[in-house]
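Structural features, examined
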Amino acid sequence: MNNKPVIVSGIQPTGNLHLGNYLGAVKNWVDLQNSGKYRMYIFIADLHSLAGNMPAEQRRKQIIETTAELLAAGIDPKKTTLFVQSQVKEHTELGWIFNCVTPIAELERMTQYKDKSQQQEKNINAGLFTYPVLQAADILLYRGNVVPVGQDQVQHVELTRDIARWFNNRYGVFFQETKHLLTDVPKVMSLLEPDKKMSKSLGAGHVIELADTPEVIEQKLKKAVTATSGGEQAPGVKNLLLLLQKFGNQKIYQGFIKAEKDGSIRYGDLKLATGKAIGEYFSDFRKRRAKLLSNPNQLKKILTAGAKKAGLVAKKTMKDARKKVGIS
Ligand code: ADP
Ligand code: TRP
């Protein structure tokens, strides 16, 4: 019997991976996978993405691109069960059961719901509202113990814990506790508005994508906001220094830290050094991504095999959950 702790996490197919996704979540997934200490389930949350505004054709394309990017970043289908959420039907079934134990008032507290309702004010659909309930089903279907995510998802993982408790109180103990796991960089900031998290929804100039060429990275960093005046470390500078620390040579990084302290720092140089470091760090990623995307059938095969494996676990949980609630 394999009783390693279970890790579950997901990502929406809403666009190319950016440095926030990478440092907040994806790099951690790869490290946790390679530690060999966990049973890993990573999926593409295509059902969650239906709550947004994306056209169908774009969704179809981005499911494949996100798969290629996760593999290029180091997710290994031999070590991680990698699949598409909608291919395992039990997610929606458990999601419905959880809808029926979750108080509306608790969903109204969710900050992501409030943010997204502002971003898409013409499409505040019920899926956007019950989004975290489906997320709880994603996690508890595999009896996830640990959920590695960025800062913005912590509230949803906490709600997952509550949903397990509400279910257990009503139907008898069945689901266990779940914990979130953050990295040391749970919130990478936007290049253009460094008081906000780096996010696709802010626009292309705000994010550096893992697939960006060195030229594009340089262009984007040129426009990045740094300090307006002397004194305290500005959030934009802090963000760039963090990226240099994560992707660059530590001596060069220390040089900029020293220059920052003694006031001799030149932001143009910091941007150049940071851009060069990021471009080089992801050079292999870009090659692997292009190669993987040249064979979409191979990617589809990986996803089908992953869904089959995940389905076995999901079916077992649902069989027991159905009994618990009295529908079988
Ligand atoms: P986005 O906000 O760009 O749409 P997602 O919501 O798809 O990104 O996030 C996927 C994963 O990446 C989640 O675990 C999320 O917490 C993490 N993440 C997203 N943006 C950042 C960021 N700026 N810093 C750290 N982690 C992030
Ligand atoms: N809501 C997550 C995001 O926007 C994606 C997600 C869906 C997820 N289901 C999940 C993350 C389950 C962790 C566990 O980033």
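Structure first, text after, so check above.
Okay, so let's go over this structure. No experiment lies behind these values; they were computed from the predicted model shown. Sequence order as written defines the numbering, with residues in each chain counted from 1. Whichever chain is written first becomes A and whichever ligand is written first becomes 1, with later ones labelled in order. The model is predicted, so local features are restricted to residues of pLDDT at least 70 and side-chain atom pairs to those at 80 or more, both for listing and for counting; the totals for chains, interfaces and linings are taken over all residues. Heavy atoms from the whole structure form the basis of all side-chain values; hydrogens and water molecules are not counted.

1. Observations regarding the overall build of the protein
- Regarding its fold elements, the protein presents 14 helices and five strands.
- In summary, the protein has a C-alpha radius of gyration of 21 Å against a globular reference of 20 Å for 328 residues, a match within 12%.
- Counting over 328 residues, the protein shows a buried share of 50%.
- Nonlocal contacts in the protein, meaning residues at least 24 apart in sequence, comprise 75% of its contacts between residues at least 6 apart.
- Where accessible areas are quoted, they stem from the Shrake-Rupley method and a 1.4 Å probe; at the residue level, only the protein chains shown are allowed to cover. Carbon and sulfur atoms make up 53% of the accessible area of the protein, which totals about 16,100 Å².
- Treating the 49 positive side-chain charges of the protein as one cloud and the 31 negative ones as another, the clouds have centres 7 Å apart. Counting from the N terminus, the helices are DSSP H or I runs at least four residues long and the strands are E runs at least two residues long. Atoms counted for the radius of gyration: C-alpha only. Globule rule: 2.2 Å times residue count to the power 0.38. Throughout this description, buried means an accessible area under 20% of the type-specific maximum (1.4 Å probe, protein chains only), exposed means over 50%, and partly exposed covers the range between. Two residues form a contact once any of their heavy atoms are found within 4.5 Å. Charged-residue counts in this description rest on Lys and Arg as positive and Asp and Glu as negative, His and the chain ends being excluded. Taken as the charge centre is NZ of Lys, CZ of Arg, CG of Asp or CD of Glu, depending on the residue.

2. Digging into the side chain of T80
- Along the polypeptide, T80 turns up in strand 3 (residues 80-84).
- Looking at T80, the relative accessible area reads 0%, which means it is buried.
- In protein, a polar contact means a hydrogen-donor-capable atom and an acceptor-capable atom, both N or O and within 3.5 Å, with residues adjacent in sequence counting only if both atoms are side-chain atoms; elsewhere, any N or O pair within 3.5 Å suffices. There is a polar contact of 2.8 Å between the side chain of T80 and the side chain of Q33.
- Setting aside anything within four residues of it in sequence, one finds T80 in contact with Q33, M40, I42 and I75.

3. Digging into the site of ligand 2
- Taken together, the neighbourhood of ligand 2 is formed by 13 residues, with H48, Y131, Q135, D138 and Q153 sitting nearest.
- Taking Q153, its side chain carries an N or O atom lying 3.0 Å from a nitrogen atom of ligand 2.
- Here ligand 2 loses 91% of its free accessible area of 360 Å² to cover by the protein chains.
- Mapped by element, the contributors of at least two residues to the shell around ligand 2 are strand 1 (6-11) and helix 7 (126-140).
- Considering each element in turn, the shell around ligand 2 owes the most residues, four residues, to helix 7.
- Three classes are used, and their members are as follows: Ala, Val, Leu, Ile, Met, Phe, Trp, Tyr, Cys and Pro are nonpolar, Asp, Glu, Lys and Arg are charged, and the others, Gly among them, are polar. For the shell around ligand 2, the per-class residue count stands at six nonpolar, six polar and one charged. We call a residue near a molecule or strand whenever a single non-hydrogen atom of that residue lies within 4 Å of it.

4. Some points on the packing of aromatic side chains
- Side-chain rings of Phe, Tyr and Trp (the six-membered ring for Trp) are treated as a pair once their centres are within 6.5 Å; stacked means planes under 30 degrees apart, edge-to-face means over 60, and tilted covers the remaining angles. Applying the stated criterion to the full structure yields 17 aromatic pairs.
- Taking the centre distance of 6.1 Å and the plane angle of 40° together, the rings of F167 and F174 count as tilted. Each member of the pair, F167 together with F174, is buried.
- Here the basic side chain of R143 rests over the ring of F174, its NZ or CZ set 4.3 Å away from the ring centre. The criterion for a charge sitting over a ring is simple: Lys NZ or Arg CZ within 6 Å of the ring centre, and within 35 degrees of the ring normal.

5. Looking at the layout of surface pockets
- Buriedness for pockets is judged along seven lines, at least five of which must meet protein on both sides within 12 Å for an open set on the 1 Å grid over protein atoms alone, while cavities are sets there where a 1.4 Å probe fits but cannot get out, and lining residues have an atom within 4 Å of a point. Grid points are joined across faces, edges and corners, and a volume is the space filled by probe spheres set on the points. Taken as a whole, the second largest pocket spans an internal volume of roughly 210 Å³.
- Elements that contribute at least two residues to the lining of the second largest pocket include exactly strand 2 (39-44) and helix 14 (296-325).
- Here the lining of the second largest pocket is composed, by residue class, of six nonpolar, four polar and five charged.

6. Side note on the site of ligand 1
- Ligand 1 sits among 17 residues. The nearest are H18, G150, D152, V188 and K197.
- In the model, an oxygen atom of ligand 1 is placed 2.5 Å from a nitrogen or oxygen of the D152 side chain.
- Contact between ligand 1 and V188: a nitrogen atom at 2.8 Å from a main-chain N or O atom of the residue.
- In isolation ligand 1 has 540 Å² of accessible area, and contact with the protein removes 94% of it.
- Sorting elements by how many residues they give to the shell around ligand 1 places helix 1 (residues 19-35) first, with four residues.

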